[in-house]
Amino acid sequence: MTHDFSEPLAEDIEPETELENNWRQYLSFSTDHKVIGVQYMVMTFIFFLIGGLLAMLIRAELITPASNVVDRPLYNGLFTLHGTIMIFLWIIPFNAGISNYLVPLMIGARDMAFPLLNAISFWILPPSGILLLSSFLLPNGTAQSGWWSYPPISLQVPPGQPINGEFIWIVSIVLIGISSIMGAVNFVTTIFWMRAPGMTFFRMPVFVWSALSAQLLQLINLPALTGALILLLFDLSFGTQFFKPTENGDPIIYQHLFWFYSHPAVYIMALPAFGIFAEVLPAFARNPLFGYRSLAVASLGIAVVSIFVWVHHMFTSATPGWMRMLFMVTSMLVAVPTGVKAFGWTATIWKSKLHLETPMLFAMGGAAMFLLGGVTGVMLAAVPFDLHVHNTYFIVGHFHYIVFNTITMAIFAAIYFWFPKITGRMYAEGWGKLHFWLTFIGANLTFFPMLPLGLQGMVRRISSYEPRYQGWNVIASLGGFLLGVSILPFIANMVGSLLHGQRAGNNPWLATGLEWTTTSPPPRDNFEVIPVVRRPPYDYGDPKYSVIEPPDYHQAEH
Amino acid sequence: MTNDKNMNRSVIHVDESPFPLERLRQSLPNWLKRFLPVRGGRAEDHHGKGMFGFTVFLLSESIVFLSFFFTYIALRLTHSKNWLPPGISGPELSSFVIINTVVLLSSSFVIQPAENALKHHQLKKFRWLWLIAICMGTYFLIGQGIEWRNLNFGLSTGLVGSTFYVLTGFHGLHVLTGVILQIIMLVRSFMRGNYNKGHFGVSATTLFWHFVDVIWVFLFSLLYIWHA
């Protein structure tokens, strides 16, 4: 059953819907989960561009050993805001956006459980992001203590300035956190309560399982960060002593609370990416997803294990040996469910005829890069190795392999994969492939050099370094600029295709999810008739299901 | 189209999972059952959906308190020597505090019958009991304000001041929120035909109030009893 994806089926082509040209709704306070999803995705992409610009300034500074492009406080502000924006205003809210768009469609619901709450969760974000960026205008600049904001460094602010960069940083992160928690409540309730008849837990697509696991982590772990930040704010501005080592406080407590959230946050970011792989790979391999149930349960497994690993960020924070040992073992245990995932993806594309369209390229590229990110992660979980490379560029390389090479690639895969569903039009394949190869080459050129740099001992968060590190740094910087350039064909493609793209039809990929059974873009209430689900989610290759079906499956089941 | 009997059987379809989720669900107590809708398609139960979401939110909220408790306990264990600055005795377990606590905790036993009364459409009984609960909550807030005024230490007086004011303040903020919610529900019960629609609000407020009480039990034990 092969099908040329570039040619939509004749019967799929439908007259233009009213929704398409109604761009004003995307600037309004809409309660439609699809509008909110698009709002999230577009807004976070703008923040992604800002975060990327900050990264390119960092790379420009690091191209020479001397500190000559930006001054040191500004450099500190750059890496602090780069990390903060990429985590709190790009990946996490983008995942909230794509989940917002897809989860109700995938489970056969008309909307999220609490549409008004959903809109409020979104509209908290833009002001928080602008607030965060506005700290560049303060006389003392932005927060400068990195995205973890460890005390006592984060508490060292000039006296007599109650409103400083750090203060604004904390306030905006707490606001973003409130938005995330409201979103998580909404997602969990939606997935538990809004499923279409017959949509049992083990008929949910793996993307929904990943979203559920990620949102459960938000619910359980994010409040710990909020609590820690509230205490930090009191220390900073109201004279309390929780984390002040000079006045009996204990900064290590902050580290515990911070990592209790921020390690699982890695999985809050990564799980939706894994879910995207599980949707894209079977569609382009025309194979059923291998080990669907193990992959679904592995999402929850990753979530559960990840709650018990936070101390591996603190191996050098005077952590007792037994605790290091314990958390080394739990950290390595994460490799088991993630390994299940990786094997599932590999087995799905095993011996299949691959259709290398852009979403598939990004998904395969991301999944392959996850290998390097994941393996360096297991290395870092080992205490002796971690002590050796602690706070070096090896860590930076490792987590960029995860957050950029895996998660951001998955995000691009998702954008290309669901672009026809969201806009009703196809993107331009050639531009998409150009985007992929520029991104793939640029990302590896940027982040691979960081691994040997770290092993050689280059410390992170510095604007000047010993000349012997310059070779790798030049490669990384040039890769970084290539990565910056790579975003241009993407923007051109998205804007151009949105305006002039070919009509996509309802199911251009002949994919099996419920979201493909409705029109592109879906109508306000998603489905004309709520579908009754009677089949597993990934039945690619089953001749009975390899044609497009109407939303009501009664006909297909004889 | 097959006949109706067959249709129904196929729509309500036993879960095919390796875990017998549906059997597990049937063996759960009723209040827990609604947290595991197995087959989906229960979207029309707005009250149940709302309560589910609100409970999930409270779970999240309790983690914020847990992080505060963790900080308190960790600081207390590692800094027991310099916990109190010289001349400061810390929060006292006085009869005033105990009465305040008793009033707050017993208000849970007032608000629950109030919610039940509304469920049985006994509007008048609901309003009276609800009003008593509001008064009890307000009494607690005023009592805490008086206690704060009479303490001989401030927010920045060592670890004891930092922890005491932030923890009780954060809890007090929740009590205040609860009281405001209660007042809104009481006002809504006077709007014609609104008390039935307001039922979710009343249930949620009741649950929130129980939550606030349970948190106070932990706070009271940590701040006053451990200290004494």
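Because the structure is a prediction, the values reported are computed rather than measured.

1. Regarding the overall build of chain A
For step 1, the next point in the chain: Per the secondary structure count, chain A includes 16 helices and zero strands.
For step 2, the next point in the chain: Taking 558 residues into account, the globule formula puts the C-alpha radius of gyration at 24 Å, and chain A, at 23 Å, falls close to it.
For step 3, the next point in the chain: For chain A, the C-alpha atoms occupy an extent of roughly 75 × 45 × 45 Å along the three principal directions.
For step 4, the next point in the chain: Here chain A holds 558 residues, and 64% of them are scored as buried.
For step 5, the next point in the chain: Pairs at least 24 residues apart make up 83% of the contacts formed inside chain A by residues separated by at least 6 positions.
For step 6, the next point in the chain: For chain A, the accessible surface area stands at approximately 19500 Å², while carbon and sulfur atoms represent 71% of it.
For step 7, the next point in the chain: Averaging the positions of the 25 positive and the 29 negative side-chain charges in chain A gives two centres separated by 5 Å.

2. Description of the nonpolar core
For step 1, the next point in the chain: Met204, Leu229, Tyr292, Ile407, Phe417 and Trp418 of chain A together with Trp130 of chain B are the most contacted members of the largest nonpolar core, which totals 239 residues.
For step 2, the next point in the chain: Element by element, the count of residues in this core is highest for helix H7 (residues 251-285) of chain A, at 22 residues.
For step 3, the next point in the chain: If near-sequence neighbours (up to four positions away) are discounted, leucine 229 of chain A is found in contact with Trp169, Ile170, Ile173, Val174 and Tyr254 of chain A.

3. Some details on the packing of aromatic side chains
For step 1, the next point in the chain: Under the counting rule described, the total for this entry stands at 70 aromatic pairs over all chains.
For step 2, the next point in the chain: Note on tyrosine 150 of chain A and tyrosine 254 of chain A: the rings are 6.5 Å apart at their centroids and 90° apart in plane angle, and the pair reads as edge-to-face. One end of the pair, tyrosine 150 of chain A, is in the loop between helix H4 (115-134) and helix H5 (165-193); the other, tyrosine 254 of chain A, is in helix H7, and 104 residues separate them in sequence. Like tyrosine 150 of chain A, the residue tyrosine 254 of chain A is buried in the burial classification.
For step 3, the next point in the chain: Over the ring of tryptophan 226 of chain B we find arginine 76 of chain B; its NZ or CZ atom is 4.6 Å from the centre of that ring.
For step 4, the next point in the chain: The lysine or arginine in question, arginine 127 of chain B, covers the ring of phenylalanine 190 of chain B, its NZ or CZ lying 4.0 Å from the ring centre.

4. Re the packing of H7 of chain A against helix H13 (residues 393-423) of chain A
How two helices pack is summed up by the angle between their axes together with the distance between the axes.
All names here are of chain A.
For step 1, the next point in the chain: At a minimum axis distance of 9 Å, the contact between H7 and H13 shows a crossing angle of 45°. The pairing of H7 with H13 is recorded here as oblique in orientation. Between H7 and H13 the crossing geometry is left-handed. For the pair H7 and H13, the contacting residues are Val266, Met269, Ala270, Ala273, Ile276, Phe277, Glu279, Val280, Ala283 and Phe284 in the first and Ile402, Val403, Thr406, Ile407, Ala410, Ala413, Ala414, Phe417 and Trp418 in the second.

5. Some remarks on unusual backbone geometry
Residues and elements named next belong to chain A.
For step 1, the next point in the chain: Proline 151 connects to proline 152 through a cis peptide bond whose omega is 0°.
For step 2, the next point in the chain: Note the cis peptide between serine 520 and proline 521, where omega equals -10°.
For step 3, the next point in the chain: Here proline 521 is to be found in the segment after helix H16 (470-500).
For step 4, the next point in the chain: Although it is not a glycine, asparagine 248 adopts a positive phi angle of roughly 80°.
For step 5, the next point in the chain: You can see asparagine 248 is positioned in the loop between helix H6 (206-237) and H7.
For step 6, the next point in the chain: Its relative accessible area of 24% is what places asparagine 248 among the partly exposed residues.
For step 7, the next point in the chain: Despite not being glycine, arginine 286 shows a phi value in the positive range, around 50°.
For step 8, the next point in the chain: Tracing the backbone shows arginine 286 in the loop between H7 and helix H8 (292-306).

6. Regarding the environment of threonine 138 of chain B
All names here are of chain B.
For step 1, the next point in the chain: The residue threonine 138 is located in helix H6 (residues 123-150) in this model.
For step 2, the next point in the chain: Given the relative accessible area of 31%, threonine 138 is considered partly exposed.
For step 3, the next point in the chain: For the pair threonine 138 and glycine 158, spaced 20 residues apart in the sequence, the C-alpha separation amounts to 30 Å.

7. A look at the side chain of glutamine 39 of chain A
For step 1, the next point in the chain: When you line up the elements, glutamine 39 of chain A lands in helix H2 (residues 33-61).
For step 2, the next point in the chain: Aside from chain neighbours lying at most four places away, what touches glutamine 39 of chain A is Gln25, Tyr26, Leu27, Ser28, Phe122 and Trp123 of chain A.

8. Here we look at the environment of glutamine 144 of chain A
Residue and element names in this part refer to chain A.
For step 1, the next point in the chain: Mapping glutamine 144 onto the fold places it in the loop between H4 and H5.
For step 2, the next point in the chain: Take glutamine 144: its relative accessible area is 28%, and that puts it in the partly exposed class.
For step 3, the next point in the chain: As for glutamine 144 and proline 73, which are separated by 71 residues in sequence, their C-alpha atoms are 6.9 Å apart.
For step 4, the next point in the chain: Those residues within four positions of glutamine 144 in sequence are excluded, and the remaining contacts are Pro73, Asn76, Gly77, Phe79, Thr80 and Glu166.
For step 5, the next point in the chain: Here asparagine 140 takes part through its backbone oxygen, which lies 3.5 Å from a polar atom of the side chain of glutamine 144.

9. Describing the packing of H7 of chain A against H8 of chain A
Residues and elements named next belong to chain A.
For step 1, the next point in the chain: Interaxial distance between H7 and H8 falls to 9 Å at its minimum, and their mutual angle equals 170°. Here H8 runs roughly antiparallel to H7, going by the angle between their axes. Contacts between H7 and H8 pair His263, Pro264, Tyr267, Leu271 and Phe274 from the former with Ser299, Ile302, Ala303 and Ser306 from the latter.

10. Some words on the side chain of aspartate 111 of chain A
All names here are of chain A.
For step 1, the next point in the chain: Relative to the assigned elements, aspartate 111 resides in the loop between helix H3 (72-107) and H4.
For step 2, the next point in the chain: Exposure remark for aspartate 111: the relative accessible area of 9% places this residue in the buried category.
For step 3, the next point in the chain: For aspartate 111, the side chain forms a polar contact with the main-chain nitrogen of histidine 33, separated by 3.4 Å.
For step 4, the next point in the chain: Each residue touching aspartate 111, except ones within four places of it in the same chain, is listed here: Thr31, Asp32, His33, Pro104, Thr190, Met194, Arg524 and Asn526.

11. Some details on the pattern of salt bridges
Residue and element names in this part refer to chain A.
For step 1, the next point in the chain: Within the structure shown, the criterion is met by six salt bridges over all chains.
For step 2, the next point in the chain: Measuring nitrogen to oxygen at the nearest pair gives 3.6 Å for the salt bridge that ties aspartate 32 to arginine 524. With aspartate 32 in the loop between helix H1 (18-21) and H2 and arginine 524 in the segment after H16, this pair connects stretches of sequence that are 492 residues apart.
For step 3, the next point in the chain: We classify aspartate 32 as buried; its relative accessible area is 5%.

12. Considering H13 of chain A
For step 1, the next point in the chain: Approximately 40° is the largest bend angle found in H13 of chain A, and it occurs at phenylalanine 417 of chain A, with the proline proline 420 of chain A only one to four residues beyond.
For step 2, the next point in the chain: With 30 of its 31 residues buried, H13 of chain A lies for the most part within the structure.

13. Some words on the environment of aspartate 213 of chain B
Residue and element names in this part refer to chain B.
For step 1, the next point in the chain: With respect to the helices and strands, the residue aspartate 213 is situated in helix H9 (residues 199-225).
For step 2, the next point in the chain: The exposure class assigned to aspartate 213 is buried, which follows from its relative accessible area of 4%.
For step 3, the next point in the chain: Here the alpha-carbon distance between aspartate 213 and serine 107, two residues 106 residues apart in the chain, equals 8.6 Å.
For step 4, the next point in the chain: Apart from the residues within four sequence positions on either side, aspartate 213 is in contact with Leu104, Leu105, Ser107 and Ser108.

Criteria and thresholds
Residues numbered from 1 in each chain as written. Chains lettered and ligands numbered in written order. Predicted model: local features only at pLDDT ≥ 70, side-chain atom pairs only at ≥ 80, totals over all residues. Heavy atoms only, no water. Helix = DSSP H or I, 4+ residues; strand = E, 2+ residues; numbered from the N terminus. Rg over C-alpha atoms; globule rule 2.2 N^0.38 Å. Buried < 20%, exposed > 50% of the residue type's maximum accessible area, 1.4 Å probe, protein only. Contact = heavy atoms within 4.5 Å. Areas by Shrake-Rupley, 256 points an atom, 1.4 Å probe, with all protein chains shown as cover. Lys, Arg positive; Asp, Glu negative; His and termini not counted. Charge placed at Lys NZ, Arg CZ, Asp CG, Glu CD. Core = buried A, V, L, I, M, F, W, Y, C linked by side-chain atoms within 4.5 Å. Phe/Tyr/Trp six-rings, centres within 6.5 Å; stacked < 30°, edge-to-face > 60°. Lys NZ or Arg CZ within 6 Å of the ring centre and 35° of its normal. Axes fitted to C-alpha atoms, helices over the stretch in contact; angles between N-to-C directions. Parallel < 35°, antiparallel > 145°, perpendicular 65-115°, else oblique. Left-handed = near helix turned anticlockwise from the far one by under 90°. Polar contact = N/O pair within 3.5 Å; in protein donor to acceptor, adjacent residues only side chain to side chain. Salt bridge = Lys/Arg side-chain N within 4 Å of Asp/Glu carboxyl O. Bend = angle between axes of the 7 residues up to and from the residue.

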